[in-house]
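# Inside the fold
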Amino acid sequence: MSLVVVGSVAFDSVKTPFGEVDEVLGGSATYFSTAASYFTDVSLVAVVGTDFPDKHLTFLKSRKIDIEGIEKSEGKTFRWKGEYGFELNEARTLDTQLNVFQSFRPKLPESYKDKKVVFLANIDPDLQRDVLSQVNEPALVACDTMNFWIEGKKESLLKTLKLVDILLINDGEARELSGEPNLVKAAHIIHDMGPRTLIIKRGEYGALMFQDNRIFSAPAFPLEAVYDPTGAGDCFAGGFMGYLSSTMNFEEAGIRKAIIFGSVMASFNVEAFSLDKIKSLDYKEIENRFQDFRRLTHFEDLT
Ligand code: AMP
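Right, let's walk through the structure included here. It should be emphasised that the depicted structure is a prediction, and the values quoted were computed from it without experimental measurement. (Residues numbered from 1 in each chain as written. Predicted model: local features only at pLDDT ≥ 70, side-chain atom pairs only at ≥ 80, totals over all residues. Heavy atoms only, no water.)

## Quick word on the pattern of salt bridges
Tallying each qualifying case throughout the model produces 18 salt bridges. The partner of Asp212 in a salt bridge is Arg196, and the shortest N-O contact between them spans 2.7 Å. Taken as a pair, Asp212 in the loop between β12 (207–211) and β13 (214–218) and Arg196 in the loop between α7 (183–193) and β11 (197–201) lie far apart in primary sequence, 16 residues in all. Ionic pairing is found between Lys279 and Asp276, a salt bridge with its closest N-O pair at 3.8 Å. (Salt bridge = Lys/Arg side-chain N within 4 Å of Asp/Glu carboxyl O. Helix = DSSP H or I, 4+ residues; strand = E, 2+ residues; numbered from the N terminus.)

## Quick word on the nonpolar core
The biggest cluster of nonpolar side chains holds 105 residues, and the ones touching the most others in it are Phe240 and Met241. When residues of this core are assigned to their parent elements, the largest contribution, nine residues, is made by helix α9 (residues 252–269). If sequence neighbours within four positions are ignored, Phe240 has contacts with Ile166, Leu168, Ile199, Ile255, Ala258, Ile259 and Gly262. (Core = buried A, V, L, I, M, F, W, Y, C linked by side-chain atoms within 4.5 Å. Buried < 20%, exposed > 50% of the residue type's maximum accessible area, 1.4 Å probe, protein only. Contact = heavy atoms within 4.5 Å.)

## Details of the pairing of strand β1 (residues 2–6)
For β1, the tally of buried residues reaches five of five residues, placing the bulk of the element in the interior. Where β1 lies against strand β4 (residues 41–49), five bridges are found, and the strand directions are parallel. Its bridge partner being in β4, Leu3 is matched across the sheet by Val42. Here β1 pairs with strand β8 (residues 117–120) via four bridges, running parallel. Within β8, the position partnered with Val5 by the bridge is Phe119. (Pairing = 2+ DSSP bridges.)

Rendered as structure tokens:
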């Protein structure tokens, strides 16, 4: 199967205690598509400026990502600047420049309109709905967002949330969106906003899934080398949605397995800056880390 994603394609400038990069390839849709491309065909919707180099488009194509839906517009590409402290769990945004995204009116290529799985990556909720409205009969719609939109466009975000099956956000965003510090209570409030399934990403503490009255908890993989968490959430979503799109099994067991594939892709991503680690993985490495996760969490056979 295949999926369609809308989100940012960006230049990121990032500082962590372990290094610093300036204007490297980033963006929610870029990380998402790259991670998902190991599992399924991906069709990407975004806009870039005339300053966006062809080498980045060539890279996306090399991952077999369909980029017909990337528009090149007069102006500058989206830019994001952030930094992390030693705990590496949450980015501090220093600057966001929407640039060409400000006037972007997505027009989906015909070949995108019959996709069954849709991911609305972190971007203006107006754009998320604009893209969703052009997909004919999606079987699964998931979305991500961040404090920038929760604070700046809450009404529009609430309209988007009414239309989605799964929301993936981090713990800080769940608290902010719901106005509730306790995550279990926050999950109930967010369910009432629309999404039947809520996945809360908690950085190095893993992820929690809330569906109906069930909760599933997955750890993050304990890594010795963590350099840059930028894009970890998007890679989680990419592994998660990519796997679901490959199986089209949206039952709870399938979703649990997808969460582990999401955790696998996020764990690779944080091992290097930008997309340096996830741009060229071997599927065997993904499978091996999936098995490592199994060993990490299983205890039934121990005496
Ligand atoms: P993550 O670390 O997975 O939450 O996402 C990091 C990515 O999100 C970076 O590559 C940024 O370019 C992108 N990003 C940051 N702020 C925004 C925003 N307001 N809208 C869309 N994308 C953003």
